[in-house]
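Letter by letter, the chains look like this.
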Amino acid sequence: MADNAQGSSSQSYWEGYKEFWSERFSFLGNYSKFIKRDKPIPSWSSSDVEEFMASDPVHGPVLRSAREAVQFGLTGSALGALFTAGYAWKYSRSLHGAGLSFLAGGIFGWTFGHEIANHALQLYRVDTLAAEVKFLEWWNKKTGGY
């Protein structure tokens, strides 16, 4: 009898845990039809993305801004990685410390660069995930993926 109560208790705990995290990651549901496929989506080029941006007056500018934000992130990542690794090497002369500083600085730099882009390009006002999903839907239609 106690095992049955223990099993139902752990099962209800697991269901609550799954529900909690599925609410937190509900935005991933937008991508499920593109990820869980038998045949993968064909690759696209920059000219295809430019064509979508020119053809969609609503989501095109949002996607353009999101692509520009990546440059902020890459710049921040490079600067953060190099400066933190440089400081670590200058003061410790430890290869593993400089390597870890390089990795951490890259992650922190990417985060700060992306936040700067969010404010500079005002991405907090638009839904960039919706623009990416619209592009994937457009690409699927164009390549005959439906």
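Below: a short report on this structure. (Residues numbered from 1 in each chain as written. Predicted model: local features only at pLDDT ≥ 70, side-chain atom pairs only at ≥ 80, totals over all residues. Heavy atoms only, no water.)

Quick word on the nonpolar core
Among the nonpolar cores identified, the biggest contains 14 residues, and Leu63 and Phe135 are the most heavily contacted of them. Elements with a minimum of two residues in this core: α3 (46-55), α4 (59-92) and α6 (128-143). Here this core gets six residues from one element, more than from any other, and that element is α6. Sequence-distant contacts of Leu63, that is, excluding residues within four places in its chain, are made with Val49, Phe52, Met53, Ala131, Glu132 and Phe135. (Core = buried A, V, L, I, M, F, W, Y, C linked by side-chain atoms within 4.5 Å. Buried < 20%, exposed > 50% of the residue type's maximum accessible area, 1.4 Å probe, protein only. Helix = DSSP H or I, 4+ residues; strand = E, 2+ residues; numbered from the N terminus. Contact = heavy atoms within 4.5 Å.)

Describing unusual backbone geometry
Residue Arg93 is not a glycine yet carries a positive backbone phi of 55 degrees. The backbone phi angle of Gln122 is positive, close to 55 degrees, even though this residue is not glycine. The topology assignment puts Gln122 in the loop between α5 (95-120) and α6.

Remarks on the pattern of salt bridges
For the structure shown, the criterion picks out four salt bridges. Residue Glu50 is joined to Arg64 by a salt bridge in which the shortest nitrogen-to-oxygen separation is 3.5 Å. With Glu50 in helix α3 and Arg64 in helix α4, this residue pair connects regions lying 14 residues apart in the sequence. Each of Asp48, Glu51 and Lys142 takes part in salt bridges that share partners, so that together they form one network. (Salt bridge = Lys/Arg side-chain N within 4 Å of Asp/Glu carboxyl O.)

Observations concerning the environment of Lys134
In this fold, Lys134 is placed in helix α6. Between the C-alpha atoms of Lys134 and Pro40, which are 94 residues apart in sequence, the distance is 17 Å. In this structure, Lys134 is in contact with Phe52 and His59, ignoring residues within four places of it in sequence.

Things to note about the packing of α4 against α5
Running from N to C, α4 and α5 point in directions that differ by 150 degrees, and their axes come no closer than 6 Å. In terms of axis orientation, α4 runs roughly antiparallel to α5. Crossing hand, α4 versus α5: right-handed. Its residues placed into classes, the contact of α4 with α5 shows 16 nonpolar, twelve polar and no charged. (Axes fitted to C-alpha atoms, helices over the stretch in contact; angles between N-to-C directions. Parallel < 35°, antiparallel > 145°, perpendicular 65-115°, else oblique. Left-handed = near helix turned anticlockwise from the far one by under 90°. Nonpolar A, V, L, I, M, F, W, Y, C, P; charged D, E, K, R; others polar.)

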